[in-house]
Amino acid sequence: MKPLSSYLSGRWIDGSGAPQTLVNPATEEPLAQVTSDGLDLAAALGYARDKGGPALRALSFAERGALLKEMAKAIQAHRDELLDLAVANGGNTRSDAKFDVDGAIFTLQTFAEVGEKLGTAKTLIDGEGVQLGRSPRFHGQHVCVPRHGVAVHINAFNFPAWGLAEKAASALLAGMPVLAKPATSSAMVAHRAMEILVEKKVLPDGALSVLVGAPRHLAALLGSQDVLAFTGSGDTGARIRALPNIIQESVRVNIEADSLNAALLGPDVEPGSDMYETFLKDVLRDMTQKAGQKCTAIRRVLVPGEKAATVRDDLAEGLKAVRVGNPALEETRMGPLANGAQLADVREGVGRLSAEGKAAFGSAAPIAGKGFFVSPVLVEFAKDALAASVHAREIFGPVASLLPYSGRGSDAAEIVARGNGCLVSSVYSEDAEFLQEAVLGIAPYNGRIFLGHPKIEMSPGPGTVLPQLTHGGPGRAGGGEELGGARSLAFYMQRVALEGSRPVIQKLLGVQPA
Ligand code: NAP
């Protein structure tokens, strides 16, 4: 069986001790073994800081952008191989796998363009300079410089390629070296992507390292110039945030965690209309793509009470057509969950949800045979969705709740707010008054709001994270913010306010006097 090494301190290196076995979640066939025991994590972080940091900081934004372009090209050249691995080790259908791998390539390309636009500078000038005294001579200017530490990226199991690429793109462009830790159960895609980048010698020595296997004490080794970007469960995120070094050294932490995303159907949308079909399509796609293991997937479906039965029947009809099975088979539309622990967690969550609501489609009953399969599940609630479980726990699988509401935007917003923070919610309506109330009402509880419309060509729906817009949400969602084009660089840079003589500052920064 293939042992997966880590790439640390500029070389491939194996851990020692009892390995963890990675399996195909559809067949439970063992695929690879991994252990990070015994690896010198402190030395690996030191290598990234001392070698990768200076090498990246010596480059301009455009040059760092060019590196991202090469990364995208290298991954593109091995796309089919990575898709096959995502099917085998991630339980992805081919379409799910493309979502991950193509998302990685697109994000790297987008950030390569951001770098090209930022040009030959190595320092970001942040906003206009300001006059501070009576005369223009006393001047202030904010600038951002790369931090002198290492960016540690801890990723969830669901997007091994995109997760690696989207975080690395911002950090490398900002001028910070990266040590990435993919989730262990689906690490084969990220591991192979790293092999490809190393084989092609795309990046300077020390700029990108990958730890495969348990994180051990990695987060506890970070200091004041380092940053930590984490994607995963809220519980793990909270544990990381509470580490003494994270508090004492003010280590910058970004957390992308759980989310109870909502989809709102407006009172003006009639069943059978184009808007209604767009809404149904988005909910069905989000529930079943990647077997619902998307942090942005729709979990709560809010519909005006009088249309709830129609929506329920139409969603149930759509879910019935989803063929669940081994993603290696062409006819399969939804694969298994990523691992046994996720299956147990989803079953437990559906049990709680069903105790308060009524199963409208599917159940968490075991599916005979090998693999971590579960049916899509829609649970219907009769009255205004007070049920605690709906708003208290993210079920990371193909599961959604159908919640009736009055049809008023302010009532819908109040229900969305009970989820205590979402990455994204979607609204389907053309009623101006409803949109005003609903969109502005849910805005403080969301990182992104998707306004669904049938005229948007090739709409990706709310579940797709685009690199041009920020990704993250308040409260339960972790309070983080990633991506968003050049905005994302701020996390990896120190903003410093320069104040002094205007000509001196302008000369220092290479700014032409006005
Ligand atoms: P997880 O158990 O929190 O693991 C996430 C990552 O953290 C993995 O790489 C894991 O490594 C690592 N990890 C675990 N314990 C750690 C610790 N004490 N210190 C540092 N790192 C640690 O979550 P998961 O099972 O991968 O994902 C499940 C949950 O993540 C879902 O239920 C969902 O709520 C959430 N999620 C959120 C997003 C988002 O963008 N907001 C995306 C995907 C998933 P190992 O794999 O080696 O244990």
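Since we're looking at a predicted model, the values are computed, not measured.

Q: What is the right way to look at the overall build of the protein in this model?
A: Along its length, the protein carries 15 helices and 22 strands. The C-alpha atoms of the protein give 24 Å as radius of gyration, which agrees with the globular expectation for 514 residues (24 Å, within 12%). With respect to the three principal axes, the spread of C-alpha positions in the protein is 70 × 65 × 40 Å. Taking contacts inside the protein between residues at least 6 apart in sequence as the whole, the part at least 24 apart equals 75%. Split by element, the accessible area of the protein, about 20,800 Å² in all, is 53% carbon and sulfur. Charged side chains of the protein number 51 positive and 55 negative; the gap between the two group centres comes to 6 Å.

Q: Honestly, the pairing of strand β7 (residues 138-146) in this entry has me stumped. Any pointers?
A: Remark: a regular strand shows side chains that alternate across the two faces of the sheet. For strand β6 (residues 124-131) and β7, the ladder comprises five bridges, and the chain directions are antiparallel. Within the sheet, the bridge partner assigned to Leu124 lies in β7 and is Cys144. What sits between the antiparallel neighbours β6 and β7 is a turn of six residues. Bridge analysis of β7 against strand β22 (residues 493-501) gives nine bridges, and the strand direction is antiparallel. The partner of Cys144 across the bridge, within β22, is Arg495.

Q: Looking at this model, I keep getting lost on the site of the ligand. Mind explaining?
A: The immediate surroundings of the ligand are formed by 27 residues, with Thr184, Thr236, Ala257, Asp258 and Glu394 found nearest. Residue Asn155 places a main-chain N or O atom 2.7 Å away from an oxygen atom belonging to the ligand. Measuring from an oxygen atom of the ligand, one finds a backbone N or O atom of Gly232 at 3.3 Å. Burial of the ligand by the surrounding chains reaches 82%, relative to a free accessible area of 890 Å². Judged by the proximity of its atoms to the pocket grid, the ligand belongs to the largest pocket. Taken together, the elements giving at least two residues each to the shell around the ligand come down to β11 (227-231) and α7 (234-241). Looking at the shell around the ligand, its residues break down into 13 nonpolar, 10 polar and four charged.

Q: Even after reading the chapter, I still don't get the packing of aromatic side chains, so can you show me in this structure?
A: Aromatic ring pairs are defined here through the distance separating the ring centres and the angle between the ring planes. As enumerated under the stated definition, the model contains eight aromatic pairs in all. Ring geometry for Phe157 against Phe396: centres 5.7 Å apart, planes inclined by 85°, an arrangement best described as edge-to-face. Of this pair, Phe157 sits in the loop between β8 (151-154) and α5 (160-174) while Phe396 sits in the loop between α12 (388-392) and β17 (399-405); the two residues are 239 residues apart in sequence, bridging distant segments of the chain. Here Phe157 matches Phe396 in class, with each residue buried. Look at Phe491 and Tyr492: their rings are 5.0 Å apart centre to centre, the planes differ by 85°, and that puts the pair in the edge-to-face class. A residue is classified by how much of its surface remains accessible, and Phe491, at 15% relative accessible area, is buried.

Q: I would appreciate a short explanation of the sheet that holds β6 in the present structure.
A: If you walk across this open sheet you meet the three strands as β6-β7-β22, and the pairing is antiparallel. Lying at the two open borders of the sheet, with one neighbouring strand each, are β6 and β22. Direction aside, neighbouring strands of the sheet carry axes that sit 15° apart on average. Against the sheet, helix α15 (residues 502-509) makes contact with β6, β7 and β22, and its axis sits at roughly 140° relative to β22, the strand it touches most.

Q: Looking at this structure, I do not really get the nonpolar core. What am I missing?
A: Where a protein is soluble and globular, its nonpolar side chains tend to be buried together. One finds Leu68, Met71, Leu108, Leu172, Leu203 and Tyr492 to be the most contacted residues of the largest nonpolar core, which totals 66 residues. For this core, the leading source of residues is α5, giving 10 residues. The residues touching Leu108, leaving out its near neighbours within four places in the chain, are Leu68, Met71, Ala72, Ile75, Ala165 and Ala169. Leu302, Leu343, Phe381 and Val390 belong to the second largest nonpolar core, which has 32 residues in total.

Q: Explain the layout of surface pockets to me, please; I cannot follow it from the model alone.
A: Left-over empty space is what a probe sized like a water molecule reveals as it rolls over the atoms. Its boundaries defined by the atoms lining it, the largest pocket holds a volume of some 980 Å³. Together, 38 residues line the largest pocket, and Phe230, Gly232, Ser233, Thr236 and Gln342 are the ones closest to its centre. The set of elements that each furnish at least two residues to the lining of the largest pocket consists of β11, α7 and α11 (340-356). Sorting elements by how many residues they give to the lining of the largest pocket places α7 first, with four residues. Looking at side-chain class alone, the lining of the largest pocket contains 16 nonpolar, 12 polar and 10 charged residues. Of the voids in this model, the second largest pocket is the one considered here, and its volume is about 350 Å³. Phe99, Gly103, Pro460, Thr464 and Val465 are the residues nearest the centre of the second largest pocket, which is lined by 20 residues in total. A total of seven residues in the lining of the second largest pocket trace back to one element, the largest contributor, which is helix α4 (residues 94-118). Here the lining of the second largest pocket is built from residues that sort into nine nonpolar, seven polar and four charged.

Scoring rules and cut-offs
- Residues numbered from 1 in each chain as written.
- Predicted model: local features only at pLDDT ≥ 70, side-chain atom pairs only at ≥ 80, totals over all residues.
- Heavy atoms only, no water.
- Helix = DSSP H or I, 4+ residues; strand = E, 2+ residues; numbered from the N terminus.
- Rg over C-alpha atoms; globule rule 2.2 N^0.38 Å.
- Contact = heavy atoms within 4.5 Å.
- Areas by Shrake-Rupley, 256 points an atom, 1.4 Å probe, with all protein chains shown as cover.
- Lys, Arg positive; Asp, Glu negative; His and termini not counted.
- Charge placed at Lys NZ, Arg CZ, Asp CG, Glu CD.
- Pairing = 2+ DSSP bridges.
- Near = heavy atom within 4 Å.
- Polar contact = N/O pair within 3.5 Å; in protein donor to acceptor, adjacent residues only side chain to side chain.
- 1 Å grid on protein atoms, 1.4 Å probe; cavity = no way out; pocket = protein on both sides within 12 Å on 5 of 7 lines; lining within 4 Å.
- Sits in = over half its atoms within 2 Å of the grid points.
- Nonpolar A, V, L, I, M, F, W, Y, C, P; charged D, E, K, R; others polar.
- Phe/Tyr/Trp six-rings, centres within 6.5 Å; stacked < 30°, edge-to-face > 60°.
- Buried < 20%, exposed > 50% of the residue type's maximum accessible area, 1.4 Å probe, protein only.
- Axes fitted to C-alpha atoms, helices over the stretch in contact; angles between N-to-C directions.
- Core = buried A, V, L, I, M, F, W, Y, C linked by side-chain atoms within 4.5 Å.
- Points joined across faces, edges and corners; volume = space filled by probe spheres on them.

The analysis is restricted to geometry; functional conclusions fall outside its scope.
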